[in-house]
Amino acid sequence: MYRTACPSCGGEVIFRSAASVMAVCEYCRSTLLRDADTVRDQGKMSAVLEDYSRIRIGTAGNWKGKAFSVVGRIQLRYDAGLWNEWYVLFDDNTAAWLADASGQYLMTTDLGPAADAPVFENLRPEQRYTHDGKSFAFSDVRTARCTGGEGELPFKVGEGWEAKVADARAGSSFLTLDYSDGPAHLYVGEAVTLEGLACQLLREPEQIAETAGRLPGRPNVLDCPSCGSPLTYAAGMATQLVCPACHAEVDCTGDKAEVLKKHTELSHVVTTLSPGDEAKIDGIKWSILGVMQCAERDDESSQWTEYLLYNTNRGFQWLVESSEGWERVMVLDDWPERFTAESATFKGKEFHNLYNYAAVVRYAAGAFNWRASVGDVTWIADYKGADGKLTKEATPNEIGWSRSMPVPAQQVGQWFGKKEKLPEAASQADEGSLLWPAVIAIIVMVLFNLPMLIKSDDSEGIWIVMFIAGGLLWWPASRKKKD
Ligand SMILES: [Zn+2]
Ligand SMILES: [Zn+2]
């Protein structure tokens, strides 16, 4: 351990790890570079964004039989969200990184330069990379920007520092190729949980609420910054909103909600279930945060609806409603051990490729844990097995796997406490179509009354009558169908 005084404010700065080259003064936020037994002030580091993480500097735990404590952190932002990389120091003075993204955790250790790594610019999701005799598939390739840091770190980072990383998976194993400093560095590890790490000195929800002003994960309401309608989201978890009233895309990862994009071209879509609906599944309360309507890009008539469900302790799951009925979908943390275009093996069971198609998001409303946007295209590959269905979803930057099981409509109805029977299979009709007849009726009415308006002395009275009649035509057509 090395202690020194901050050259800027005189506060005590501690380097716990001999490998740390940089520390951020906790009193004045100066970035201090360590050089032998002196420190140089490199200017101020931006404060980390209050992000609802349960981890903090000083959190202790145990991984693979070794005790650790968290000594530093960098916060990274990319176009679809924010995550933390916590620098972890073990009792034997080795170190690791604990990545923390919306309540999902990965522990990796630095294995040094990866001479056989592909060039970053040529990397694509699904490409293969062999490590330790295992074939890994890349899950995502991204460039992120450092937005803040604290504590001590093993390399120099600052404002504008860019992380170029590619993650790959094989079963439950995980690796990252990090190109931030030029030649690739290899980090290998696994998905972990805070319980599995026996973490202590975590931030309690009440403490997070004190600094963030909100309880992490609990449903919060804010006024849409575009139209003022109330929006519900899960603070720190599902922070990308699409306003159900005006369709604006709103980001609330930061302290204040920000409009990313407006969609004035969209009209309201009625779905069987809506954001805010609550369900009790196997005794646990879930609420619907977001709703998406998708269609096959090459067959617009084939439509389905996806509902994002959230529980504070369990995280996310999906319900899908299509012409084939209802399905419950879980995103997989552990990937298939092996997969090709024709088949996949998952936990020893065989699955065979059934359908391949491109899906387009046609409508979105509510809160999501990524930036859901109308027009987004995802390539879907469905694999069928004796034990349900596996699905691979791919975008240009990312792939993911999920597993789905059919659920009877009656069961879904029970979960949501619906008295009337839910549709067994979704109809393909567009329920927003009543608006057009109303618009045509109003135009016809105005045209019909035009000669009278021009001739009459009491044009004001006619205008008022027409206004009321127009409203009566418009109102039932524009109203959301309620149960
Ligand atoms: Zn200082
Ligand atoms: Zn709005």
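Novice: What should I look at first to understand the domain arrangement of the protein in this one?
Specialist: By convention, interface size is frequently given as the accessible area that disappears when the constituent parts associate. Domain assignment breaks the protein into domain 1 (2-192), domain 2 (218-429) and domain 3 (434-478). At the interface, 21 residues of domain 1 touch 22 residues of domain 2. Of the roughly 1800 Å² buried between domain 1 and domain 2 on both sides combined, carbon and sulfur atoms contribute 50%. Taken together, the connections running from domain 1 to domain 2 amount to one salt bridge. Across the pair Lys392 and Glu126 runs a salt bridge, and its minimum N-O distance is 2.9 Å. Connecting domain 1 to domain 2 are seven residue pairs in polar contact (both at pLDDT 80 or more). Among the residues forming the side of domain 1 that touches domain 2, the class breakdown is seven nonpolar, six polar and eight charged.

Novice: Looking at this model, I keep getting lost on the coordination of the zinc ion (ligand 1). Mind explaining?
Specialist: Note on metal geometry: ideal angles are 109.5 degrees for four donors arranged tetrahedrally and 90 or 180 degrees for six donors arranged octahedrally. Here the zinc ion (ligand 1) is held by Cys6 (SG), Cys9 (SG), Cys25 (SG) and Cys28 (SG), and the distances to it run 2.3 to 2.4 Å. Positions of the donor residues of the zinc ion (ligand 1) along the chain correspond to the pattern C-x2-C-x15-C-x2-C. One end of the pair, Cys9, is in the loop between β1 (2-5) and β2 (12-15); the other, Cys25, is in the loop between β3 (22-24) and β4 (30-35), with 16 residues separating them in the sequence. The class for Cys25 is buried, based on a relative accessible area of 1%.

Novice: What's the story with the coordination of the zinc ion (ligand 2) in this structure? I'm lost.
Specialist: Summarising the metal site, the zinc ion (ligand 2) is bound by the protein donors Cys224 (SG), Cys227 (SG), Cys243 (SG) and Cys246 (SG), whose distances to it range over 2.3 Å. The site at the zinc ion (ligand 2) holds four donor atoms, and with the angles between them running 107 to 113 degrees, its shape is tetrahedral. As a motif over one chain, the donors of the zinc ion (ligand 2) read C-x2-C-x15-C-x2-C. Highlighted residues: Cys227 in the loop between β16 (219-223) and β17 (230-234) and Cys246 in the loop between β18 (240-242) and β19 (249-251), separated in sequence by 19 residues.

Novice: How do you make sense of the pairing of strand β12 (residues 134-153) when you look at a structure like this?
Specialist: Side chains on a regular strand alternate between the two faces of the sheet. Of all 20 residues in β12, 14 are buried, a share of seventy percent or more. Note: β3 against β12, three bridges, orientation antiparallel. Counterpart to Met22 in the pairing with β12 is Leu153. Where strand β7 (residues 66-78) and β12 come together, six bridges link them in antiparallel fashion. Paired with Leu76 across the strands is Cys146, a residue of β12. A loop of two residues connects strand β11 (residues 128-131) with β12, the two strands running antiparallel in sequence, and Asp132 in this loop sits at a positive phi of about 55 degrees. Taken together, the eight bridges between β12 and strand β13 (residues 162-170) define a ladder with antiparallel strand orientation. Its bridge partner being in β13, Arg142 is matched across the sheet by Val165.

Novice: Even after reading the chapter, I still don't get unusual backbone geometry, so can you show me in this structure?
Specialist: Across residues other than glycine, the phi torsion is negative in most instances, and most of the peptide bonds are trans. Of note in this structure, Glu126 is not a glycine but carries a positive phi near 85 degrees. Within the secondary structure, Glu126 sits in the loop between β10 (104-113) and β11. With a phi angle near 55 degrees, Asp132 is a residue other than glycine that sits in the positive phi range. According to the relative accessible area criterion, Asp132 is exposed, its value standing at 71%.

Novice: Would you explain the packing of aromatic side chains in this entry?
Specialist: The description of two aromatic rings rests on the distance between their centres and on the angle between their planes. Overall, the coordinates contain 16 aromatic pairs when judged by the stated rule. Relative to Tyr357, the ring of Trp304 lies with its centre 6.0 Å away and its plane at 85 degrees, an arrangement referred to as edge-to-face. Of the two residues, Trp304 is situated in strand β23 (residues 299-311) and Tyr357 in strand β28 (residues 349-368); the sequence distance between them amounts to 53 residues. With a centroid separation of 5.5 Å and 45 degrees between ring planes, the pair formed by Tyr383 and Trp401 is classed as tilted. Placement of Tyr383 in strand β29 (residues 377-385) and of Trp401 in strand β31 (residues 398-407) is noted, with a sequence separation of 18 residues between them.

What counts, and at which threshold
- Residues numbered from 1 in each chain as written.
- Chains lettered and ligands numbered in written order.
- Predicted model: local features only at pLDDT ≥ 70, side-chain atom pairs only at ≥ 80, totals over all residues.
- Heavy atoms only, no water.
- Domains from an automatic or database assignment.
- Contact = heavy atoms within 4.5 Å.
- Buried area = accessible area lost by both parts, 1.4 Å probe.
- Salt bridge = Lys/Arg side-chain N within 4 Å of Asp/Glu carboxyl O.
- Polar contact = N/O pair within 3.5 Å; in protein donor to acceptor, adjacent residues only side chain to side chain.
- Nonpolar A, V, L, I, M, F, W, Y, C, P; charged D, E, K, R; others polar.
- Donors = N, O, S within 2.8 Å, 3.2 Å for Na, K, Ca; no water.
- Helix = DSSP H or I, 4+ residues; strand = E, 2+ residues; numbered from the N terminus.
- Buried < 20%, exposed > 50% of the residue type's maximum accessible area, 1.4 Å probe, protein only.
- Tetrahedral: all angles 85-135°; square planar, octahedral: opposite > 155°, others 65-115°.
- Pairing = 2+ DSSP bridges.
- Phe/Tyr/Trp six-rings, centres within 6.5 Å; stacked < 30°, edge-to-face > 60°.

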